[in-house]
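Examining the three-dimensional arrangement
One-letter residues, chain by chain:
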Amino acid sequence: MINMYEVSETNKMIEHENLDVRTITLGISLLDCIDSDLNKLNSKIYEKITKTAKDLVSVGQDIEKEFGIPIVNKRISVTPIALVGAAACRTAEDFVTVAKTLDRAAETVGVNFIGGYSALVSKSMTKSDENLIRSIPQALAETERICSSVNVGSTKTGINMDAVRLCGEIVKASAEATKERDSLGCAKLVIFCNAPDDNPFMAGAFLGVTEGDAVINVGVSGPGVVKKALEKVRGKGFEELCEMIKKTAFKVTRVGQLVAGEASQRLGIPFGIVDLSLAPTPAVGDSVAEILEEIGLERVGAPGTTAALAMLNDQVKKGGVMASSYVGGLSGAFIPVSEDQGMIDAVHAGSLTLEKLEAMTCVCSVGLDMIAIPGKTSAATISGIIADEMAIGMVNQKTTAVRLIPVIGKDVGDMAEFGGLLGYAPIMPVNEFGCDAFISRKGRIPAPIHSFKN
Amino acid sequence: MKKCIVTVLGKDTVGIVAKVCAYLAENEINILDISQTIIQGYFNMMVITDVTNLKKDFTVLSDEMEKLGEEIGVSIRCQREEIFEKMHRL
């Protein structure tokens, strides 16, 4: 039988170390809503989402209460709208009406974000894809809850540089369209390489076309729990260190698996995956940077950071994989800047640069995340940064992503405030040498040689 | 059998066990195991209970126990056993 020590360990994790389930994300396929009539499309989408997700929030709250574990977010991901809207949307403005419908549906069911205002263009763009991408700045500026993503590359297809060029412009335009709110729109726009179909985390969540009609995906968190556990192995060898990370990741992921199973059963919707990520928040003691510092770095960004992160990421996966029947999504350590107090402090201290962050993205899940850069940064430079990050993903057969915020009207030394879980961020300097001639080349970068595994 | 773990934490005072147990009895909740200690004046108790015969909604039970805790001046949590079982047992 469970003993007092185990009960108090679990409750200490919840109460003092910020253990939580970061999100229950309900994936809803909108493929059966496709219609050539825009009004019909919008009403079908609204109906399907509000019907499928009507109990999501209340079920989430019941589970929280019964097990005493906070479930921070209840969210929805949908089929990429570029596909769903292709038959009905002739213009970018048509797509914006769909964005508003999604926003309204999300508000009705009480979720704070809905992901899937997305296009998958890793090889080439259809007219519909391009219209959706061009509508993103307006869609993000005129809605509250929409999250958008564009997959511009993959290991199998190479990198669609036309889309990369366009996305640089779109990031810039999204920043302009929300400049009164420190360019908040860009915090809800992710550019991907090798985007997974089952990611529960925003802003990059969408429901891939390989998925079923509806699915429950759960994202766990727990950087604070790992940090506290590692305090017990200070000065010990790598063997003890790695064992401790694995054990802790196992425990954290088991909670995610439990919550996912319960949510799936109560909603009558199949369980998809648990995403075993270390997702930080701006709260003190909920930071991936603090884990790296506990491992032995004076500050994140110091030499050794990439190695420490590579080890952390791998051990989290090794510990978590056995704890869940299906693992998926992004799974690993997230390193957003604005959402992690330790990262913010490291930027302030001059320890963490954009280039070091890029190196770190080679060994952890996702990529350049929630990084505020000067508003004057050109679209071509943003495209260059995106291309670099996509190349890392393509060559290393991993997911990479870019969520940069060029904060209009602000420069290095200023601070951008996004509020809530999105946090705040010091503006980081960007290499000012140009890459215009490279970015203006048309076409795509071919898939790497090791993609031909046939 | 549906089990629930009740944890009580707070400043020690007369009647904590009595009041918690009375509430459990009223609600037909059987006690399977109790451990309790006082560390530096702080009361710490864990009760493993069987809630199979509980007539109320579990969330109502949880709310009422929380309220009872406020009346006594301690914090009472009521959690289904699975969260501990899953985390600590293979």
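Report on the accompanying structure. (Residues numbered from 1 in each chain as written. Chains lettered and ligands numbered in written order. Predicted model: local features only at pLDDT ≥ 70, side-chain atom pairs only at ≥ 80, totals over all residues.)

1. Section: the overall build of chain A
What chain A contains, in helices and strands, is 15 helices and 13 strands. Compactness check: chain A gives a C-alpha radius of gyration of 21 Å against a globular reference of 22 Å for 454 residues, within 12% of the reference. Sorting the 454 residues of chain A into buried and exposed places 61% on the buried side. (Helix = DSSP H or I, 4+ residues; strand = E, 2+ residues; numbered from the N terminus. Rg over C-alpha atoms; globule rule 2.2 N^0.38 Å. Buried ≥ 20, exposed ≤ 12 C-beta atoms within 10 Å, placed from the backbone.)

2. Examining the interface of chain A and chain B
At the interface, 18 residues of chain A touch 20 residues of chain B. Considered class by class, the residues forming the side of chain A that touches chain B number eight nonpolar, four polar and six charged. (Contact = placed C-beta atoms within 7 Å. Nonpolar A, V, L, I, M, F, W, Y, C, P; charged D, E, K, R; others polar.)

3. Topic: the nonpolar core
All names here are of chain A. Counting residues in each nonpolar core, the largest one holds 174 residues, and the members touching the most others are Val 152 and Val 259. Considering every element that reaches this core, the biggest residue donor is helix α9 (residues 238-267), with eleven residues. Residue assignment places this core across two domains, with domain 1 (18-193) and domain 2 (220-440) each supplying three or more. Beyond its immediate sequence surroundings of up to four residues, Val 259 is in contact with Val 21, Ile 24, Ile 63, Ile 69, Ile 71 and Val 218. (Core = buried A, V, L, I, M, F, W, Y, C linked by C-beta atoms within 7 Å. Domains from an automatic or database assignment.)

4. So, the sheet that holds strand β4 (residues 74-80) of chain B
Residues and elements named next belong to chain B. Across the sheet, four strands lie side by side as β2-β3-β1-β4; this open sheet has antiparallel pairing. In this open sheet, the two strands that pair with only one neighbour each are β2 (30-39) and β4. Within this sheet the neighbouring strands show an average axis-to-axis angle of 15°, counted without direction. Taken together, the nine bridges between β2 and strand β3 (residues 42-50) define a ladder with antiparallel strand orientation. Residue pairing in the sheet places Asn 30 in a bridge with Asp 50 of β3. Relative to β4, helix α2 (residues 58-72) is tilted by about 165°, and along the sheet it contacts β1 (3-11) and β4. (Pairing = 2+ DSSP bridges. Axes fitted to C-alpha atoms, helices over the stretch in contact; angles between N-to-C directions.)

5. Points about the packing of helix α11 (residues 305-321) of chain A against helix α13 (residues 354-361) of chain A
All names here are of chain A. At a minimum axis separation of 9 Å, α11 and α13 run at an interaxial angle of 30°. Judged by the inter-axis angle, α11 sits roughly parallel to α13. Between α11 and α13 the crossing geometry is right-handed. Residues Thr 305, Thr 306 and Leu 309 of α11 form the contact with α13, whose participating residues are Lys 356, Ala 359 and Met 360. Of the residues contributing to the contact of α11 with α13, the split by class is three nonpolar, two polar and one charged. (Parallel < 35°, antiparallel > 145°, perpendicular 65-115°, else oblique. Left-handed = near helix turned anticlockwise from the far one by under 90°.)

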